[in-house]
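The primary structure of each chain is shown beneath.
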Amino acid sequence: MIGYMDRTAGAVEHCETMAANSQGVVAEAYEKLVDYCKRKLWHQLTMLILEMFQNPQTYAMQTPNDGTHSFLALYDKVVLSVDTKLNPLYLAKIAALVAQAIQPQDATAAKAILENLLANKKKEKAEGNENSGNNNNSANTFTLPATIYVQSKLASLVLLTTTTSAAAADGAPESADSFASIARTLKSNKEILHEFPAEGNSELASVHAAHYEAAMHYYKRIGPPEAFYEQALSYLQHIGPNFLSSAGGGSGGGGAGQSLMMITPHQLAVDLILAALTGDGVYNLGQVEQTPVLKLLVDTPHAWLVHLLQATAAGNVQLFRQYQQEYAAQIAQQPALVHRAAAVTEKLTLLSLVTLLFSKPAHERQLSFAEIASTLLLDNLDQVEWIVMRALSVHLIEGSIDQVAQTVDVTWVMPRVLNNDQMQQLANRFGEWAVTVSKTQASVTAAIA
């Protein structure tokens, strides 16, 4: 009991010192922390510390005694003194924010914060199980999301602070081991997260988002692009609207401050488009078009990527070629587009075929080789059969080819997310169908009469 009181007293003393050496909202915040510590208002203490750490431009400073980063000092002298009283997930978020704040100056120390938290909590859990003689399922359920959150943030830190050359260097086998360990952790946590659905629970959604963020960083480093694409869409599904609202201030992840630990909305938009264009099997580009994060590239130097994506999604070969010439210099500076140019061209051609079929009524989906070649701007008819076979093999369409008559009969086209223009086309087609049904009904009624 005395040890606990001494630790709390140290926390109070630190906050009083910081309050005396600060001004304005910073001093007020530390004065509140003193009050919360004395009154044991742990939830209020947690919420205030989270607010401070999520606004480093306002609250970050150096301690007057030794010049330590104020967030690190607050974590060491206050948070860790009462960590068993705090919500485990909030404690995990606080630790991640502290690591994020000091990472630009000391990546090793940032990594140590998260590693030590995991080690200490694992030790406490083991000691608790020994003392109780059994496994407390409710406690484990409560702390698993916090563990996954810290592991995910640690994985992101390692991936973003380990250079590719270091990972591949013969003299740095620990880097390769780290990547392998991260892969195992991501795989294991993916299965565990199925037990913690995020729907309707913003706190669990943040855990899912942290996991997908780490997975994004991993597949951006390791590949392939389609794996990054999948994780990025899942990340956007769970991260919440604050992620986009933070873009204006150059921060990522709900105002957490710009850092290598957090991907910025602008960079995510760029990476997402590149993955959509170059990833194998990624044909439903309407998913990306409807993603709000792409709006962040409008009126920026990367707006051309949105134009390329839209032209590809629409299967507009002529417009895409126009953009290729117009943005030749920008394309040349993107290694993914240069190295995967053939794959991008193939995807454009296949989606052009899908768009052509979508424009046809369901009962008029017999296309001639000549019509396909003309729409897809192919050099000769010999290419048509290969393209149709390719579309069949990746299951964009179902149907058959008549090589003698040089026609293609299509019975099914891949469902996809539609843009506004395509929705209007569909609405017009429904209108035409309704008119046809009305005429048929009138004809049948007249015949019966």
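Per chain, residue numbering runs from 1 following the sequence as it is written. Local features are withheld for residues below a pLDDT of 70 in this predicted model, meaning they are given only at 70 or higher, and side-chain atom pairs are given and counted only at 80 or more; totals for whole chains, interfaces and linings count all residues. Hydrogens are left out, water is left out, and the side-chain values use all remaining heavy atoms of the structure.

**What about the confidence of the model for the protein?**
Keep this limit in mind: Per residue, pLDDT captures the predictor's confidence, and it can take any value from 0 to 100. The contact rule is simple, with two residues in contact once any of their heavy atoms fall within 4.5 Å.
In this model, the protein carries a mean pLDDT of 85, and residues with pLDDT of at least 70 account for 83%. Predicted confidence is poor over residues 136–142, with pLDDT under 50, and the contacts of this stretch with residues over four places away or in other chains come to 6 contacts. Here residues 248–261 is modelled with pLDDT under 50, and outside its nearest four sequence neighbours on either side it reaches 44 contacts, counting other chains as well.

**Quick notes on unusual backbone geometry**
Note the cut-off: Helix and strand labels come from DSSP, where a helix needs a run of H or I of at least four residues and a strand needs a run of E of at least two; each type is numbered from the N terminus.
For the peptide bond that leads from G223 to P224, omega is 0 degrees, which places it in the cis range. A positive phi angle, near 55 degrees, is found at L377, a position not held by glycine. Among the secondary structure elements, L377 is positioned in the loop between α21 (369–375) and α22 (382–393). Its identity as a non-glycine residue notwithstanding, H395 has a phi of 60 degrees, on the positive side. As for its placement among the helices and strands, H395 is situated in the loop between α22 and β2 (397–402).

**Quick notes on the environment of Y212**
With respect to the secondary-structure elements, Y212 resides in helix α11 (residues 202–222). Separated by 60 residues in sequence, Y212 and S152 have C-alpha atoms that sit 8.2 Å apart. Aside from chain neighbours lying at most four places away, what touches Y212 is Q231, S234, Y235 and H238.

**A short note on the packing of helix α6 (residues 88–102) against α11**
Short version of the rule: Fitting a line to C-alpha atoms yields each axis, with helices limited to the stretch in contact; the angle taken between N-to-C directions then spans 0 to 180 degrees. If an angle is under 35 degrees, it is roughly parallel; if it is over 145, roughly antiparallel; if it lies from 65 to 115, roughly perpendicular; otherwise it is oblique. Crossings are classed by handedness, with left-handed meaning an anticlockwise turn of the near helix from the far one by less than a right angle and right-handed meaning a clockwise turn. Under this grouping Gly is polar, as are all residues other than the nonpolar Ala, Val, Leu, Ile, Met, Phe, Trp, Tyr, Cys and Pro and the charged Asp, Glu, Lys and Arg.
It is at 11 Å that the axes of α6 and α11 come closest, and there the two elements cross at 45 degrees. Here α6 lies oblique to α11, going by the angle between them. α6 and α11 meet at a crossing whose hand is left-handed. Every residue of α11 that contacts α6 at L89, Y90 and K93 is listed here: E203, S206 and V207. Tallied by class, the residues present in the contact of α6 with α11 amount to 3 nonpolar, 1 polar and 2 charged.

**Observations concerning the pairing of β2**
To be explicit about the condition: DSSP bridges decide pairing: two strands pair if at least two such bridges lie between them.
Both β2 and strand β3 (residues 407–413) contribute to a ladder of 6 bridges, which runs antiparallel. Its bridge partner lying in β3, S400 is registered against D409. Connecting β2 to the antiparallel partner β3 that follows it, the hairpin turn spans 4 residues, and Q406 within it adopts a positive phi of roughly 55 degrees.

**Some remarks on the packing of aromatic side chains**
For any pair of aromatic rings, the description rests on two quantities: the centre-to-centre distance and the angle between the ring planes. Heads up, the condition is: Put simply, two rings from Phe, Tyr or Trp (the six-membered ring, in Trp's case) pair if the centres are within 6.5 Å, and we call them stacked under 30 degrees between planes, edge-to-face over 60, tilted for the rest. Any residue under 20% of the maximum accessible area for its type is buried, any over 50% is exposed, and the rest in between are partly exposed; the area is computed with a 1.4 Å probe on protein chains only. Comment: the charge-over-ring label is applied if NZ (Lys) or CZ (Arg) is within 6 Å of the ring centre and within 35 degrees of the ring normal.
Using the criterion set out here, one finds 4 aromatic pairs in the structure. For the ring pair F53 and F71, a centre distance of 4.5 Å and an interplane angle of 40 degrees mean the geometry is tilted. Taken as a pair, F53 in helix α3 (residues 42–53) and F71 in helix α5 (residues 70–79) lie far apart in primary sequence, 18 residues in all. Here the aromatic rings of Y218 and Y219 are separated by 5.2 Å at their centres, their planes lie at 80 degrees, and the arrangement is edge-to-face. Residue classification places Y218 among the buried positions, given a relative accessible area of 13%. Pairwise contacts between aromatic rings join W304, Y323 and Y327 into one cluster. Between the NZ or CZ atom of K347 and the centre of the ring of Y283, over which it lies, the distance is 5.9 Å.

**Observations regarding α5**
Because the α-helix completes a turn every 3.6 residues, residues three or four places apart line up on one side. In terms of burial, α5 is a largely internal element, 8 of the 10 residues being buried. For α5, every residue scored as buried is listed here: S70, F71, L72, A73, L74, Y75, V78 and V79.

**As for the nonpolar core**
To keep it simple, the criterion reads: For our purposes a nonpolar core is just a set of buried Ala, Val, Leu, Ile, Met, Phe, Trp, Tyr and Cys residues, chained together by side-chain atoms within 4.5 Å.
Counting 63 residues, the largest nonpolar core has L268, L337, L353 and I372 as its most contacted members. A total of 9 residues in this core trace back to one element, the largest contributor, which is helix α14 (residues 265–278). In this view, L337 contacts L274, L277, T278, W304, L305, L308, I331 and V344; residues no more than four positions away in its chain are not counted. Of all hydrophobic cores here, the second largest spans 61 residues; its members include Y30, L97, L114 and V158.

**Quick word on the sheet that holds strand β1 (residues 366–368)**
If you walk across this open sheet you meet the 3 strands as β1-β3-β2, and the pairing is antiparallel. The open sheet has two free edges, formed respectively by β1 and β2, since each of these has just one partner strand. On average, each strand axis in the sheet is inclined to that of its neighbour by 25 degrees, with strand direction left out of account. In the sheet, β1 pairs with β3 via 3 bridges, with the strands oriented antiparallel. Within β3, the position partnered with Q366 by the bridge is D409. Of the strands in this sheet, β1, β2 and β3 are in contact with helix α20 (residues 341–358), which crosses β3 at around 80 degrees.

**So, the pattern of salt bridges**
Applied cut-off: We define a salt bridge as a contact between a side-chain nitrogen of Lys or Arg and a carboxyl oxygen of Asp or Glu at a distance within 4 Å.
Going through the model one piece at a time under the given rule, you end up with 11 salt bridges. Between K153 and E213 there is a salt bridge whose closest N-O contact spans 2.9 Å. Linking K153 in helix α8 (residues 137–161) with E213 in helix α11, this pair joins segments that are 60 residues apart in sequence. The buried category is assigned to K153, whose relative accessible area is 4%. For the salt bridge of E371 with K360, the shortest nitrogen-to-oxygen distance reads 2.7 Å. On the criterion of sequence distance, the pair formed by E371 in helix α21 and K360 in the loop between α20 and β1 is long-range, its members being 11 residues apart. Overlapping salt bridges, with partners in common, bring together D83, K121 and E124 in one network.

**Structural notes on the side chain of S152**
To keep things clear, this is the line we draw: As used in this structure description, the phrase polar contact means that two N or O atoms lie within 3.5 Å; if the pair is within protein, one of them must be able to donate a hydrogen and the other to accept it, and residues adjacent in sequence are counted only when both atoms belong to side chains.
Checked against the element boundaries, S152 lands in helix α8. Among the polar contacts made by the side chain of S152, one reaches the main-chain carbonyl oxygen of I148 at a distance of 2.8 Å.

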